[in-house]
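Here is how the chains run, residue by residue.
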Amino acid sequence: MYPNQRNRRLRESKAIRALVRENQLSVNDLMLPLFITEGRQVKEAIRSMPGIYRISLDLLKEEVKNAWSMGIKAVLIFVKVPDKLKNNTGSEAINPKGLMQRAVREIKSSVPEILVMTDVALDPYSSFGHDGIVEKKKVLNDPTLEILSQMALSHAKAGADFVAPSDMMDGRVFRIRATLEEAGLHSIGIMSYSAKYASAFYGPFRQALDSSPGFGDKQTYQMDPANRLEAITETIRDINEGADIVMVKPGISYLDIVRELRDKIEVPIAAYQVSGEYAMLKAAAENGWLNYHDVMIEQLLAFKRAGANFIATYHAKEAAKLLN
Ligand code: PBG
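The notes below deal with the structure included here.

Criteria and cut-off values
Residues numbered from 1 in each chain as written. Predicted model: local features only at pLDDT ≥ 70, side-chain atom pairs only at ≥ 80, totals over all residues. Heavy atoms only, no water. Buried < 20%, exposed > 50% of the residue type's maximum accessible area, 1.4 Å probe, protein only. Helix = DSSP H or I, 4+ residues; strand = E, 2+ residues; numbered from the N terminus. Pairing = 2+ DSSP bridges. Right-handed = clockwise from strand over helix to strand, strands pointing away. Patch = residues over 30% accessible without salt bridge, like charges linked within 9 Å, V, L, I, M, F, W, Y side chains within 5 Å. Areas by Shrake-Rupley, 256 points an atom, 1.4 Å probe, with all protein chains shown as cover. Salt bridge = Lys/Arg side-chain N within 4 Å of Asp/Glu carboxyl O. Near = heavy atom within 4 Å. Polar contact = N/O pair within 3.5 Å; in protein donor to acceptor, adjacent residues only side chain to side chain. Nonpolar A, V, L, I, M, F, W, Y, C, P; charged D, E, K, R; others polar.

What follows is about the pairing of strand β4 (residues 74-79). Of all six residues making up β4, six are buried, and the element is well covered by its neighbours. Residue alternation in β4 divides its side chains into two sets, A74, L76 and F78 and V75, I77 and V79, and both sets are buried. Bridge count for strand β1 (residues 30-37) against β4 is six bridges, and the pairing is parallel. The residue of β4 that forms the bridge with F35 is F78. Both β4 and strand β5 (residues 115-120) contribute to a ladder of four bridges, which runs parallel. Paired with L76 across the two strands is M117, which belongs to β5. Crossover β4 to β5 through helix α3 (residues 99-110) is right-handed.

What follows is the structure in C-alpha cells.
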C-alpha cells in the first residue's frame with residue numbers, strides 16, 4: 001500500500017523500464033503480405049493502401065531480397081488474377097504455371113531461406129468473387145474442399161513452406177492435411193485462418209485484388225463479429241484437423257480473441273492487421289492527426305501483449321526499419 005508501494009519507481013528511468021518490460025517487439029514478429037500481378041516492370045499503387053503496390057514477378061526478386069536483408073523472415077503471397085482466367089470453380093488456382101506458383105518459385109530461387117506462405121482461397125480466382133464454388137447463389141462447402149486441397153498441393157509443389165487457407169470452408173484443414181500427407185509432403189505447414197470474421201476492414205484488400213463478392217456477402221462462411229466463443233470452437237477444430245499455426249483476423253479490433261485463444265490453446269497464434277486497419281492509420285497520418293510511427297509500433301506491440309506470436313502486417317517493412 002502507498003507509500004510503501006509506489007508504481008512510479010519502476011518507471012523512473014529508461015533502464016528500469018527496459019528491465020521490467022513484459023513484451024518486446026522485434027523484426028522476428030513481422031510477416032510481410034505481398035500482392036503479385038502479371039506483366040513486366042509493373043508496380044501499381046493501391047489507392048486505399050498508400051505505400052503498398054501490386055508488383056510483377058520480375059520485381060518480386062528485389063522485393064524479397066530487400067525484405068530478407070531487413071530481417072523479415074516470412075512473406076504471405078496474394079495474386080491478382082486476370083478476369084479472363086476467373087470461373088466458378090477457380091480452376092486457374094491449380095495451374096502449375098499459374099501466377100501464384102510462379103511467384104513461389106521466383107521467391108525461392110532468389111531467397112531460399114525466406115519462409116513463403118501462400119493464400120489458399122478461391123476468391124481471387126472466382127468469377128463470383130466468393131471463396132467457394134457457387135450454386136444457386138449459395139457458396140457450397142464440400143465441393144470446394146477438393147479444389148482447395150489441390151490448390152494447397154500445387155503451392156507446396158511449387159515450393160511454399162506453409163499454406164494458409166483463408167476461405168473458412170468447414171473441413172478444409174483436414175482435407176489439405178490429408179492431401180499433403182498423401183503426397184509425402186509431411187513438412188509443409190498449415191497456417192489456418194481459424195477465427196476469420198466477416199469484416200468490413202477487408203475493403204481495401206478486395207480493391208487491391210479486384211476480389212469483392214459479386215453478389216451478397218461472406219456472412220455464411222466468415223464469422224459473425226459479435227461472437228467470441230465461436231472463435232474458440234473454430235480454432236480448436238482447425239487444430240484437431242491439423243493446423244500448425246492458427247490465425248485471428250482482423251487484428252486490432254479482435255485482440256480480445258487473440259488473448260482468449262492464447263489462454264486456451266498451445267499452438268502458435270498469428271494475427272493479421274488487415275488492409276482496412278492499415279488504411280485507417282495511413283489516412284490519419286496523412287492528415288497529420290497521428291504520429292504514424294509511434295502509433296504503428298504501439299499497435300504492433302499491442303498484438304504481442306494480446307498474445308500473438310507474430311503479425312501479418314502491411315507495416316512490416318516500415319516497422320522493420322524502425323526496429324533495426
Ligand atoms: C481471401 C482473403 C481476404 C483477406 C485475406 N485473404 C479477403 C476476404 O476474405 O474477403 C483480407 C486481407 C486484408 O484485408 O488485408 N479470402
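Right, let's get into a nonpolar patch on the surface. Taken together, L10, L19 and V20 make up a surface patch of nonpolar side chains, about 310 Å² in accessible area. The exposed category is assigned to L19, whose relative accessible area is 72%.

The next subject is the site of the ligand. Taken together, 18 residues lie near the ligand, and K196, R206, K249, S275 and Y314 sit nearest. Taking D119, its side chain carries an N or O atom lying 3.5 Å from a nitrogen atom of the ligand. Here an oxygen atom of the ligand sits 2.8 Å away from a polar atom, N or O, in the side chain of K218. Contact with the protein chains covers 100% of the free accessible surface of the ligand, which is 400 Å². In terms of residue class, the shell around the ligand is made up of eight nonpolar, three polar and seven charged.

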